[in-house]
Amino acid sequence: MIILLNGCINAGKTTVAQAIVSKTTGLAHVEVDALRDFIRWMPLEESIELNLQNAIAVAKNFHAKGISSIISYPLSRGDLVFIEALLDDETIPIHAVTLYPGLDKLKTNRGTRELTDWELNRIGELHAMGIATPGFGITIDNSQQTVEETAAEVLRLVGFMA
């Protein structure tokens, strides 16, 4: 199984993914932004396709060993189509889950995170692109949930059994 954990910057994707993998077995977190660190010199928009290809390659490797993956990244409908094409010859179930706590929460410092000006601008861009409400998969309003509650809801909605 591959869980695509979608949402804007500051929606809680990484935090929720980390909570999920810390409480389950047989599930690995593939952080697409960590893959981007290998090619920071490449402009962001140019690196997205390569980063998604690498994330899916890692997920396929995990799947071959019986390990499911949770991939966290802001995904557009085009990104989803690209990912589905990469998995076209595979029999790996894909579940897309978007975290959307609302635009006001996205633009608020949460926990220990202090948003940079670039992040605030990018949140606005991603929101305008429809990343927050992409029209595919399941959307969770995590504005009033704890990280643990959101993690449990994601696992329940995708039917993941550890």
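Throughout, residues of each chain are indexed from 1 in the direction in which the sequence is written. Reporting of local features is limited, given that this is a predicted model, to residues whose pLDDT is at least 70; pairs of side-chain atoms are given and counted only at 80 or more, and all residues count toward the totals for whole chains, interfaces and linings. The basis for the side-chain values is all heavy atoms of the structure; hydrogens and waters are excluded.

Once that is clear, we can look at the packing of helix 1 (residues 13-23) against helix 7 (residues 147-158). Running from amino to carboxyl end, helix 1 crosses helix 7 at an angle of 70°, the nearest separation of the two axes being 9 Å. The angle between the axes of helix 1 and helix 7 places the two elements in the roughly perpendicular class. Residues Thr15, Val16, Ala19, Ile20 and Lys23 of helix 1 touch helix 7, and the partners they reach there are Val147, Glu148, Thr150, Ala151, Val154 and Leu155. Working convention: axes come from line fits to C-alpha atoms, limited for helices to the stretch in contact. Angles between N-to-C directions cover 0 to 180 degrees. Counting from the N terminus, the helices are DSSP H or I runs at least four residues long and the strands are E runs at least two residues long. Here roughly perpendicular refers to angles of 65 to 115 degrees, roughly parallel to angles under 35, roughly antiparallel to angles over 145, and oblique to all remaining angles. Here, two residues are considered to be in contact whenever any of their heavy atoms come within 4.5 Å of each other.

Once that is clear, we can look at the environment of threonine 133. For threonine 133, the position within the fold is in the loop between helix 6 (117-129) and strand 5 (138-140). Judged by its relative accessible area of 52%, threonine 133 is exposed. Taking the C-alpha atoms as reference points, threonine 133 and threonine 108, separated by 25 residues in sequence, lie 18 Å from one another. Any residue under 20% of the maximum accessible area for its type is buried, any over 50% is exposed, and the rest in between are partly exposed; the area is computed with a 1.4 Å probe on protein chains only.

Within strand 1 (residues 2-6), five of the five residues are buried, which leaves it mostly tucked inside the rest of the structure. Alternating residues of strand 1 divide into Ile2, Leu4 and Asn6 and Ile3 and Leu5, and every residue in both groups is buried. Only strands that DSSP links by at least two bridges are regarded as paired with each other. Summarising the sheet, strand 1 and strand 3 (residues 68-72) pair through four bridges and their orientation is parallel. When the bridges of strand 3 are listed, isoleucine 3 appears paired with isoleucine 70.

It is worth spelling out the nonpolar core at this point. One finds Leu5, Ile20 and Val154 to be the most contacted residues of the largest nonpolar core, which totals 27 residues. Of all elements in the fold, only strand 1, helix 1, strand 4 (94-99), helix 6 and helix 7 reach the threshold of two or more residues within this core. The contact partners of isoleucine 20, leaving out residues within four places of it in the chain, are Leu27, Ile70, Ala151, Val154 and Leu155. Among the buried residues, those of types Ala, Val, Leu, Ile, Met, Phe, Trp, Tyr and Cys that are joined through side-chain atoms within 4.5 Å form a nonpolar core. Core analysis: the next-biggest nonpolar cluster, separate from the first, contains 19 residues, Ile48, Ile71, Tyr73 and Leu80 among them.

Another aspect to go through is the sheet that holds strand 4. In spatial order, the strands read 2-3-1-4-5; together these five strands make up an open sheet with parallel pairing. Edge positions in the sheet fall to strand 2 (27-31) and strand 5, since each has one partner strand and no second. Pairwise comparison of adjacent strand axes, ignoring direction, gives a mean angle of 25° for this sheet. Across the sheet, helix 3 (residues 44-64) lies against strand 1, strand 2 and strand 3, angled at about 165° from strand 3, the strand it touches most. Of the strands in this sheet, strand 1, strand 2, strand 4 and strand 5 touch helix 7, which is tilted by about 150° from strand 4.

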